[in-house]
Amino acid sequence: MTNLQFKRHRRLRQNPTMRAMVKETYLHKEDFIYPIFVMEGENIKNPVASMPGVYQFSIDRLQEEMDEVVSLGIPSVILFGLPAEKDAVGSQAYHDHGIVQEATRFVKTNYPEVMVIADTCLCEYTSHGHCGVVSEDERILNDPSLDLLAQTAVSQAKAGADIIAPSNMMDGFVTAIRKGLDEAGFEDIPIMSYAVKYASAYYGPFREAADGAPKFGDRQSYQMDPSNRMEAMREATSDVEEGADFLIVKPALSYLDIVRDVKNNFDIPVVAYNVSGEYAMVKAAALNGWMDEKKTVLETLLSMKRAGADLIMTYHAKDAARWLEEK
């Protein structure tokens, strides 16, 4: 056997020090963006049943969550709002004292070092649950929706949001929001575009957490077909040309090929959204003793970095930050 000629790849795996020496991909707590759900009311901390460990907070209970986020060294949060009232045009999304606007003011006043990203969409605020204006025959109208999205972005920037993250998948939304921000004097506020957002079954738990499920139909006329890969490049190209500063791929785990494609083709930061369904699957398996939660989560997040993500939106952020400190 000693005369056989073959490569000895195991030489670089034989002990922890050697493995650390040749490690290619690293996960850092600075990579994480932590999603937080805020709702109107007082003394509210509602558990989200399908997402163990995730809660809906009223602003007066937000301090306990933010204290933990800051203590763990997580630098960024993205805020999703649940308004007390909804209407056909989602007017609470762009109200100067809407729930995300008020939560943003609270965070930036009390934790100025934290980067606040505002989710810019209408679905949580509309009575029909869609991400845009709806016609009498139940069509989602693209261009009238753009005006409302731009108004939402400007109101969020006025409240102190550091980054605007539009998630609606209307055509031209980056152009409309960039124009609105610039005209309002917010030329320096970046846009973190949900450039590649698939019509995915993995969003189920989020719709419970954000109370944003559509009341009729689905979102396949504006979110992408999971079958399509090249379409993702067209979507991302449009958003870059229109002025996006970051590109989000959502979901992440079943679309790692798309994360890599986006990273290879564009020279701006790429964000992978580790969505609610991906979180819920791991949590459910871990609670049943079927998987090692720590190892599974860190491997999952590492796969997103390896695929090319610069940043990761994840509900696992707090746990992952703790585990990384243990290493």
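The structure presented is a predicted model; accordingly, all values stated were derived computationally and were not measured.

This part takes up the overall build of the chain. Helix and strand counts for the chain stand at eleven helices and twelve strands. Since a compact globule built from 327 residues should have a radius of gyration of about 20 Å, the 21 Å found for the chain is in line with a globular shape. Projecting the C-alpha coordinates of the chain onto the three principal axes gives extents of approximately 80 × 45 × 40 Å. Of all 327 residues assigned to the chain, the portion counted as buried reaches 53%. Counting only contacts in the chain whose residues sit at least 6 apart along the sequence, the fraction spanning at least 24 positions is 74%. Accessible surface for the chain amounts to roughly 15,100 Å². Of this, 49% is attributable to carbon and sulfur atoms. When the 34 positive and 49 negative side-chain charges of the chain are each reduced to one mean point, those points stand 12 Å apart.

This part takes up the UniProt feature "binding site: Mg(2+)" (unreviewed entry) in the chain. On the UniProt side, "binding site: Mg(2+)" (unreviewed entry) is annotated at positions that read Glu235 here. Assignment of secondary structure puts Glu235 in helix 7 (residues 230-242). A residue is classified by how much of its surface remains accessible, and Glu235, at 17% relative accessible area, is buried. Residues within four places of Glu235 in sequence aside, it is in contact with Met169, Ala195 and Met224.

What UniProt calls "binding site: 5-aminolevulinate 1" (unreviewed entry) maps, in this numbering, to Arg207 and Arg219. Within the element layout of this structure, Arg207 appears in helix 6 (residues 204-210). With relative accessibility at 24%, the residue Arg207 sits in the partly exposed group.

The next point concerns the pairing of strand 1 (residues 32-39). A large share of strand 1 lies buried, amounting to eight of its eight residues. Residues of strand 1 alternate between two faces, with Phe32, Tyr34, Ile36 and Val38 on one and Ile33, Pro35, Phe37 and Met39 on the opposite face, all of them buried. Here strand 1 pairs with strand 12 (residues 311-314) via two bridges, running parallel. Across the sheet, the residue bridging to Ile33 is Met313, located in strand 12. Bridge count for strand 1 against strand 4 (residues 76-82) is seven bridges, and the pairing is parallel. Its bridge partner being in strand 4, Pro35 is matched across the sheet by Ile78.

This next bit is on empty space enclosed by the protein. Under the counting rule described, the total for this entry stands at two cavities of 30 Å³ or more. In this structure, the second largest cavity encloses a volume near 40 Å³. Contributing to the lining of the second largest cavity are Leu253, Asn274, Glu278, Tyr279, Val282, Thr296, Val297, Thr300, Leu301 and His316. Residue assignment for the lining of the second largest cavity shows that the elements contributing at least two residues are helix 9 (276-287) and helix 10 (293-307). The dominant element in the lining of the second largest cavity, judged by the number of residues it contributes, is helix 10, at four residues.

Its place among the elements puts Thr314 in strand 12. The spacing of Thr314 and Tyr34 is 280 residues in sequence and 5.7 Å in space, taken between C-alpha atoms. If we skip the residues at most four places from it in the chain, Thr314 touches Phe32, Ile33, Tyr34, Pro35, Asn274 and Leu301.

Of the residues making up helix 8 (residues 256-265), those classed as buried are Ile258, Val259, Asp261 and Val262. Relative to the axis of helix 8, the buried residues are bounded by an arc of 165° and lie together on one face. Packed against the buried residues of helix 8 are strand 9 (192-197), helix 7, strand 10 (246-250), strand 11 (270-274) and helix 10.

Attention shifts here to the pairing of strand 10. Counting buried positions along strand 10 gives five out of five residues, so the element sits mostly inside the fold. Alternating residues of strand 10 divide into Phe246, Ile248 and Lys250 and Leu247 and Val249, and every residue in both groups is buried. For strand 9 and strand 10, the ladder comprises four bridges, and the chain directions are parallel. Along strand 10, the bridge assignment pairs Met192 with Phe246. In this view, the connection linking strand 10 to its parallel neighbour strand 11 by way of helix 8 has right-handed handedness.

Further remarks concern the nonpolar core. Ranked by size, the top nonpolar core spans 82 residues in total, and within it Ile36, Leu62, Val77, Leu181, Val196 and Val262 carry the most contacts. Sorting elements by how many residues they give to this core places helix 4 (residues 142-159) first, with six residues. Discounting chain neighbours no more than four positions away, the residues touching Leu181 are Ala153, Val154, Ala157, Ile164, Phe186, Glu187, Ile189 and Ile191. The next biggest cluster of nonpolar side chains, apart from the first, holds 26 residues, and it includes Val54, Ile117, Tyr273 and Met313.

What counts as what
- Residues numbered from 1 in each chain as written.
- Predicted model: local features only at pLDDT ≥ 70, side-chain atom pairs only at ≥ 80, totals over all residues.
- Heavy atoms only, no water.
- Helix = DSSP H or I, 4+ residues; strand = E, 2+ residues; numbered from the N terminus.
- Rg over C-alpha atoms; globule rule 2.2 N^0.38 Å.
- Buried < 20%, exposed > 50% of the residue type's maximum accessible area, 1.4 Å probe, protein only.
- Contact = heavy atoms within 4.5 Å.
- Areas by Shrake-Rupley, 256 points an atom, 1.4 Å probe, with all protein chains shown as cover.
- Lys, Arg positive; Asp, Glu negative; His and termini not counted.
- Charge placed at Lys NZ, Arg CZ, Asp CG, Glu CD.
- UniProt positions renumbered as here; feature names shortened; annotations may be inferred.
- Pairing = 2+ DSSP bridges.
- 1 Å grid on protein atoms, 1.4 Å probe; cavity = no way out; pocket = protein on both sides within 12 Å on 5 of 7 lines; lining within 4 Å.
- Points joined across faces, edges and corners; volume = space filled by probe spheres on them.
- Arc of directions from axis to C-beta.
- Right-handed = clockwise from strand over helix to strand, strands pointing away.
- Core = buried A, V, L, I, M, F, W, Y, C linked by side-chain atoms within 4.5 Å.

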